Every structure is written in structure tokens, then in C-alpha cells.
Amino acid sequence: MIAWLLRRLVQAAFVVLAMTVIVFIGVNVIGNPVDILISPEADQAERLRIIANLGLDQPLWRQYLHFLVGLLHGDLGRSFVFNEPALRLIGQRMPATMELAVTAVLLSIVIGIPLGLYAGLYPDGAAGRSIMAGSILGFSLPSFWVGLMLIMVFAVQLGWLPSTGRGATRELFGVQWSFLTIDGLRHMAMPALNLALGNIALVLRLTRAGVRENLPMDYVKFARAKGLSPARVVFVHVMKNILIPIVTVIGLEFGSVIAFAVVTESVFAWPGMGKLIIDSINVLDRPVIVAYLMVIVLLFIAINLIVDLLYTVLDPRVRLESQE
Amino acid sequence: MRGWQAAVAGLGFSLAALPVHAQSLTMGLSAAPTSADPHYHTFTPNNSLVAHVFETLVDTDAHARLIPGLAESWKLIDDETWEFKLRKGVKFQNGDAFTGEDVAYTLDRVPRVLNSPGSFSVYTKAVVGVEIVDPTTVRLKTRGIYPLLSNDLAQVFIIPKSLGPNPATEDFNSGKNAVGTGPYRMTAYRPGDRAELALYDGYWGTKPHWKNVTVRMVPNDAARTAGLLSGDLDFIEFVPTADATKLRGNKAVHLEEGDSLRFVYLMLDRSRGAGPTPFITGPNGETLTTNPLNDQRVRLALSLAINRPALVERVMEGAARATGQFLAPGSVGYTPDLPPPPYDPAKAKALLAEAGFPNGFRITLHGPNDRYVNDAKIVQAIGQMWSRIGVQTNVDAMTWTTFVSRANKQEFSAYLLAWGISSGEASNPLRSLVHTYDPKLGWGAVNRARYSNPEVDALVAKAMATADDGKREQVLIEAQRKVFADVALIPLHIQKNIWGMRAGLTYEPRADEESLAMFVKPAK
């Protein structure tokens, strides 16, 4: 177990390092941060002063070395634009994205699994068929369009929900959260649903496929023959067997929901990390881009770890050591 | 089933019935400020936000003309000394009286802000000495004659001396240092999300209508418009031109539009001396030995080939003013006899033939696609117009980050740009865009084409050494005539800004693009 964890951590460190090199070179290829950052009013002398100040007059390898030295001291650099530590900027916006992502994943579980079960148990009924047809819309409609449609219908036409923003927040553990206030929940409803839509469809289809695959199997027939109630057969025996692929997918999707909440966040003006990264890419704010991607890589690694640990809970036959 | 529907409808109804405060205003801004520090970054969204809290010695009205601010009057007492008479009885939001000490303190702090990506020192560097004559009189020394000091100081927000040495940018963001003389206090600032403002009771000037103002950052155009339509936002800036057409017909919404200071133009490469420019080839793709753009007749032909009224009507949907010069009518340095160049393809063809290009040439026109209003559509339209006079045009629009880096390296031959004339008068574009690139003087800093005309340079220098406002304006007019007769660049249009608000509100459109709650008023 310990050796397995250590191996995982060393792998993670290499992934993070490789990523920082790619970002440093990538940002350099897109353009020069100086050209975008510096106010057009600045004269030539002022430009040179700012370039030197930000350390951008140094060759790229030296800038990277400087970054690595800072990294060893736990310093990911200061944003060129905001002049605040990059990590603090991300930290300020992380709760907003996190609560949106968690809500979206919860929605996809709460809506996706029951609907999938239903569609799997009654595949030929009208309801089962329409659930499957609806799920196609769920993952094929582009999320920015769905977001705008949600705003048009629920905010502009019906006036039920606020169109954009985060609404009132309340403090918990020193962090501001929206889900603790009614106003915050109302603001969260549409963006969370928008973010969840694709995942609902995915979970639903996975669940249905699993149920369809498992129902004709011998252990189900045996359980029925033994006289177990249909509910126990489905919710205990079938469920346990179809849950492994679903947990894997939900885990991975949780990561991508956080990483790619960008579209939803910009449509709904949700002040999360996704909006920060897009703004930072637009102005080539390299310290923030690097720090954000490092956070995301670490997040994916952590999620994979948790998923692997969950496997052992769901299926006692799985041993961590055998998972290379 | 019916009961379920009723329940949902009831829920929606009860949620919609939120308390509405008669005297609070929610504004939707198109770009997030980078800081609440008034001296951190010369960036319109920052200025727009901090202008609620802080004030400047010299203020500007909606047409970017100078009006008294914290200074009641100012005059030149000799060539190198300006005297500012400060307003009496002004108090900062922490109770301190405003005096000349605060002016000296502010001017000292501005160049020392750490890691500023756009320092306000460009507006204070002309001041070489500060003399406090008495608490309400300040004399500012300049090196030589510097006629634009009052224009520059209109950008510099005054902070109180009581903030102590080296006030940190972070402390402005946290609200600790957000102490100005302006009509609003900043009660909360959440970067990238919102700022909350509350009326400052001790404000010396006219009290604004709104007791509480929420400034929300909603960069997505469609979301901002939807916010206005749904009533979440009372007031939005930068209504996209495509939505404006629809919103004009909506009774629940009121639009205000006016000329901005944003001058949209084409730059023509002149940076390679007599040698060829990279994106122009002969009519059959053969390489040329010279740059056709060095010939004034070619530049004029390219300008006459552009149908500006069509650009304004079709591409900009009316949200622009075709122009033949830098500024809109009413500004300092506006030249009455410089109309937009006429659309004259026949003359353009004749000029090309005269210049030795009877069959035209091939050119690539570059532009950004995510920076200015309808930028990519503008270059596409111009590409078609140029093709009609035999200049086969390729259009290449790209993201701003890539575009501006390449433009700064003189990689293009013809390219679309815009310039926001922050001072509101003609010397600013003359010095920045068409004066010879001169790092020593600090002029020509964004003259990316490296256009150079000794006559223009001499006139700009003369204007900057003329203290008398009327005489200086005449020199600026003369310089502009030279610039546009020589087609130093091709003027296209001046953008109009559009603000949208719920019916029953008014706003005087501001040329400087700022959205200021104190000027949003209920219609009478």
C-alpha cells in the first residue's frame, strides 16, 4: 500500500514537471505577455522598465529556472495582471467552482442512475424509450447554447431564476459558499444543471447498459429463484455489479467538470476558476496559467487515487498492489 | 399531475417576488477590473470602478472636456509652473480634510506602485517639483513648457496622506485603503465578480440618486443582455451591436449611445525603407523589389476604395461614425474640413495605374478577431472592397494575443487597429501613432508602421511647446491636415458606445467609455 502510494506520487511529480515545461514553451509560442499586458499609453522607456520588472527580459530557460527555484520554496509566482500570488487568486475562486462541480456531479448521480435503472428495467416501454431519446440531446447539445436557452426561458421569459452571478453567500470554514443561502441556491440552479446535463446523460446510459447486461446473467436468475424480492435483486445485487464502471466515469467526469467549467462559468458569469483561467489565457498571465494547470493535474491524480480506493470497497477481489 | 404543476408555478412565483430596493442600482460591466488600487493599472474598467470612490484634481465631462474636479481652477503662472487652487471643505471618507499635502503625497506614490503593468507615471512624469503654497494652493513645476498637464492630471486619482508610506495594492483590494473623496464608499470588492458601493454622506458635490450600487462583472455579451432583459441588471455597458437592433424595439429597455474616443484605422507598413513588405506581391504572385505602400497614391487609392458609410451601416449596424480624422466633432483639435474620404473606386483605380500598378497587386490584410467591435467582419468587408479595385486581398484575422505580438514586431503589411484617445485631444494620437518612433522622446511608441514625416514631427513638437490653448489647437489642426493628406494611416470610423438600461432610466453617454452610477438617473 505504501509503496503503491509512493510510486503514484513520483509519477505525479513527473507529470506536473512535464506540464510546466509545456506551458512555459506554449505561452511563449502564442505571443509575448508584454505586448498584451502593458498599457498602450506606456512609452518605450516605461515598457522596458516593466519588462525588466516582470523578469521577461531574461531568456526563457532562466525564467523557467527562476520558477523552479520559487516552486521549491512553495511560491508559484505572482500574477502579472493582478500582482497577487497566483495560488491565492486560484484559492479565492476555487470554492465557487467546487460547489458548482459537486452539485453538478450530485445531480448527475441523483437523476442519471434512477432514470438509467428505469430505462434498463423497462427498455421497451414508452417512458424507457423517451428517456433514451432525451439522453441523446443531453450529451449532443453544446453546453453554451443550452446555457443561453436556460437563461432565455427561466430568467428572461418566466423570470423564475436569476440570470447570472453567484448571489448571496455565507461563510463556512472561512470560505464563502452559495449553497447555504436560498438566494445562492437559486443562482446555482441553472449553471449546475447546465454543467450536469452531459453527465446525466452519460451516467444514465452507462447504468442502463449495465442493467441490460446483468439482468440475463445466472446470478440474477439464481437470486430470483431463491425468492429474493425484485427490489433486493436490483438495488443490492445488480447495483453492486454495475457500479464499478459508473464510479470510474463519475470520478473522471468530476475532474473534467472542474477543469472545463469554463464555458458554463462564462455564460453564467460565475466567478470561478474556469473564468480566471480563460481571462488569464487571454492576457497570457503565465504564473496563473501554470499554477492553475498544476492544481488541475494534482486534482486529477487525487481523484484517480480515490477511485482506485473505491474499487476495493465495491469489489473485495481488487487489490491495490495489482493496479499498476 | 395538475397539483405538481401548480406547486412548481407557485414556487416560481414566490421566488420571483424578491424585495426591490427603490434606490439601489445593479450595473453589469463588460470587463473585470484588475485591481481596486487607483494607481495600479491604466485600464478603463479599473478607472470606471475607482472613479466612484476617488476623484481627480481635473475632471472630465461626458465629452472628455476638462472641468474642475478637486481643483477649482488652474493656470500657468510661468512657462514651467502650473498653479492649482484646491476646493475647500472637501473631506476624505475617513474624515481627513483634503489639502495640498494629499496632492504631493499622491504624485509621489504613483511612480512607486510595485509591479504595475501599466503605470500611471505616464501622467505624472511631467511634474518635476511640487510646491505647497498654502493648504489650498499647489504649484507644480514642469521641465520646459508642458501644455497638457491638466489633461494628464485628469487621470490621476487623489489618495489621502494618512494611508502612510507605501500603501500596498492588496490593501486597496481588501477595502482598507479604499478611502477617497468620491460619492461612494467601496463596501466590498470580489475580484472578477462584483463590487458593492454605498453612498458617502459627507460628499462635497451633488449627491447621486442611488444609495447602494452593485457593480457586477459580466463579460459574456449574451449573458449581459439577458441579465438586462430578465431584470437582474438595471444597467449594462457595451451592448453588442447585433443585440442593439433588437433592443431598440423593446419597450422595457432604453438605450443610450454616443461617440467614443476609440479611433479605428488601418496601419500601412513603412518600416522597411525602400525594400519590399512581406505581405504584398505582384498581381500574379511575383515578388516585388519595393513596397507599393511607400507611394502616397497607392495609400490614397486604398483609402478611396473603402465604402465607409457601408461599413458603418452594414458591419457596425450604425454603432460608429465614419471619419477622416482622429476625433469626433466637438473635441479639441477636430478639423472641420477633413470629412471622411469619399468612396471613389474609379479614382482609386486611376491612382493605382498612375503609380505603376494598372493590374493592382496582392496583399494580405491582417486584423484581430476578438478585440474591437466587429473587428473580423470589418477586415473581411475591406478585403472585398479592395478586391473591387484590382487589389487582390487575402484576409487573415487572428486572436489578439497573437496579433498584437506580431504587429509589434512589424510582421504585417496592412492591419486593423484602434486607438483610445485617453486625453480627448489631438496631440495624443499625433504623438503616439504618427510621430517618428523615438524612444528618447517617448513619442511614436505605437507607431508600429514606423511612418516618419519630418514636417509632421516638427508640427507636433511645435504644438507641445505652445502653451496657449487656442494657438496649440491651430497647430494640431495643421498637423492633422498633413497626416491625412499624406495618408499616414487609413482612418475608418470612430466607435459609438451603447449603454442599455431598464426603461425609466437615463445616462449621458460618456466618450471615455466609463459607466458611472452617479450619472445614471431616473428619467423625469
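Keep in mind that what you see is a predicted model, and the values were worked out from it rather than measured.

Draft legend 1. Region of the structure containing the overall build of chain A. A count of helices and strands for chain A gives 13 helices and two strands. Seen along its three principal axes, the alpha-carbon backbone of chain A occupies a region of about 85 × 60 × 35 Å. Within chain A, counting contacts between residues at least 6 apart in sequence, those at least 24 apart form 73% of the total. Per element, the accessible surface of chain A, about 15,500 Å² overall, is 71% carbon and sulfur. Distance between charge centres in chain A, computed from 24 positive and 21 negative side chains, equals 11 Å.

Draft legend 2. Geometry of the pairing of strand β17 (residues 414-420) of chain B. Residue and element names in this part refer to chain B. Counting buried residues in β17 gives six out of seven residues, a clear majority hidden from the surface. Sheet analysis places strand β12 (residues 253-268) next to β17, joined by seven bridges and oriented antiparallel. In the sheet register, Val264 faces β17, and the bridge partner there is Ala418. In the sheet, strand β15 (residues 362-368) pairs with β17 via two bridges, with the strands oriented parallel. By the bridge assignment for β17, Leu365 is matched with Ala414.

Draft legend 3. Region of the structure containing a nonpolar patch on the surface. All names here are of chain A. Residues Leu137, Leu141, Phe144, Trp145, Met149, Met152, Val153, Leu158 and Val263 make up a contiguous nonpolar surface patch of roughly 740 Å² in combined accessible area. Here the element with the most residues in the nonpolar patch is helix α7 (residues 143-157); it accounts for five residues. Tracing the backbone shows Leu158 in the loop between α7 and β1 (170-172). Look at Leu158 and you get partly exposed, because its relative accessible area is 42%.

Draft legend 4. Looking closely at helix α10 (residues 230-259) of chain A. Look at α10(A): 40 Å from first C-alpha to last across 30 residues, which is about the 44 Å you get at 1.5 Å a residue. The largest bend along α10(A) reaches roughly 50° and is located at A:Met239.

Draft legend 5. Structural view of the packing of helix α9 (residues 296-304) of chain B against helix α11 (residues 345-354) of chain B. Residues and elements named next belong to chain B. Look at α9 against α11: their axes get within 8 Å of each other, and the N-to-C directions meet at 160°. With respect to α11, the element α9 is oriented roughly antiparallel. As for the relative orientation of α9 and α11, their crossing is left-handed in sense. Touching Arg297, Val298, Leu300, Ala301 and Leu304 of α9 are Pro345, Lys347, Ala348, Leu351, Leu352 and Glu354, all from α11. Across the contact of α9 with α11, the residue classes break down as eight nonpolar, no polar and three charged.

Draft legend 6. Inspection of the sheet that holds strand β7 (residues 137-142) of chain B at higher detail. All names here are of chain B. If you walk across this open sheet you meet the four strands as β4-β5-β7-β6, and the pairing is antiparallel. The open sheet has two edge strands, β4 (71-78) and β6 (127-134), and neither has a second partner. Averaged over all adjacent pairs, the angle separating strand axes in this sheet is 20°, with direction ignored. Sheet analysis places β4 next to strand β5 (residues 81-86), joined by six bridges and oriented antiparallel. Paired with Ser73 across the two strands is Lys85, which belongs to β5. Sitting on the sheet, helix α3 (residues 100-109) is in contact with β5, β6 and β7, with an inclination near 165° to β6.

Draft legend 7. Representation of the pattern of salt bridges in the model. On inspection of all chains with the given rule, the structure shows 30 salt bridges over all chains. The salt bridge partner of B:Glu196 is B:Arg194, with a shortest N-O separation of 3.6 Å. Accessibility expressed as a relative area gives 24% for B:Glu196, which makes it partly exposed. B:Asp234 serves as the salt-bridge partner of B:Arg502, at 3.0 Å between the closest nitrogen and oxygen. Note that B:Arg502 is positioned in strand β18 (residues 490-502) and B:Asp234 in the loop between α7 (221-230) and β11 (235-236), a separation of 268 residues in sequence. Looking at B:Asp234, the relative accessible area reads 10%, which means it is buried. Residues joined by salt bridges that share partners form a network here, namely A:Arg78, A:Glu84, A:Arg88 and B:Glu170.

Draft legend 8. Inspection of the interface of chain A and chain B at higher detail. Taken together, the 49 residues of chain A in the interface contact 57 residues of chain B. Both sides together, the interface formed by chain A and chain B hides about 4,100 Å², and carbon and sulfur atoms give 51% of it. When residues of chain A are sorted by the area they lose upon contact with chain B, A:Glu41, A:Gln44 and A:Asn83 head the list and together hold 16% of the total. For A:Arg78, the salt bridge identified is with B:Glu170, shortest N-O distance 3.4 Å. At the boundary of chain A with chain B, the tally comes to eleven residue pairs in polar contact (both at pLDDT 80 or more). Those elements that provide at least two residues to the side of chain A that touches chain B are α2 (33-37), α3 (44-53), α5 (86-121), α7, α11 (262-267) and α12 (273-282) of chain A. No other element matches α3(A), which puts six residues into the side of chain A that touches chain B. Counted by class, the side of chain A that touches chain B contains 21 nonpolar, 15 polar and 13 charged residues.

Draft legend 9. Molecular detail of the nonpolar core. Core analysis: the largest hydrophobic core is formed by 180 residues, its most contacted members being B:Leu57, B:Phe84, B:Phe326, B:Trp386 and B:Leu492. Tallying contributions element by element places helix α13 (residues 286-314) of chain A first for this core, with 14 residues. Here B:Trp386 is in contact with B:Leu266, B:Leu302, B:Ala305, B:Ile306, B:Ile363, B:Leu365, B:Val391, B:Thr393, B:Ala414 and B:Ile490, once residues within four sequence places are set aside. Counting 33 residues, the second largest nonpolar core, distinct from the first, contains B:Ala51, B:Val53, B:Leu197 and B:Tyr507.

Draft legend 10. Unusual backbone geometry, seen in detail. Residues and elements named next belong to chain B. Positive phi values are uncommon outside glycine, yet Asn115 reaches one of about 50°. Along the chain, the position of Asn115 falls in the loop between α3 and α4 (121-124). Phi at Asn374 is positive, roughly 55°, even though this residue is not glycine. Note on placement: Asn374 falls in the loop between β15 and α12 (375-388).

Criteria and thresholds
Residues numbered from 1 in each chain as written. Chains lettered and ligands numbered in written order. Predicted model: local features only at pLDDT ≥ 70, side-chain atom pairs only at ≥ 80, totals over all residues. Heavy atoms only, no water. Helix = DSSP H or I, 4+ residues; strand = E, 2+ residues; numbered from the N terminus. Contact = heavy atoms within 4.5 Å. Areas by Shrake-Rupley, 256 points an atom, 1.4 Å probe, with all protein chains shown as cover. Lys, Arg positive; Asp, Glu negative; His and termini not counted. Charge placed at Lys NZ, Arg CZ, Asp CG, Glu CD. Buried < 20%, exposed > 50% of the residue type's maximum accessible area, 1.4 Å probe, protein only. Pairing = 2+ DSSP bridges. Patch = residues over 30% accessible without salt bridge, like charges linked within 9 Å, V, L, I, M, F, W, Y side chains within 5 Å. Salt bridge = Lys/Arg side-chain N within 4 Å of Asp/Glu carboxyl O. Expected span 1.5 Å × (residues − 1). Bend = angle between axes of the 7 residues up to and from the residue. Axes fitted to C-alpha atoms, helices over the stretch in contact; angles between N-to-C directions. Parallel < 35°, antiparallel > 145°, perpendicular 65-115°, else oblique. Left-handed = near helix turned anticlockwise from the far one by under 90°. Nonpolar A, V, L, I, M, F, W, Y, C, P; charged D, E, K, R; others polar. Buried area = accessible area lost by both parts, 1.4 Å probe. Polar contact = N/O pair within 3.5 Å; in protein donor to acceptor, adjacent residues only side chain to side chain. Core = buried A, V, L, I, M, F, W, Y, C linked by side-chain atoms within 4.5 Å.

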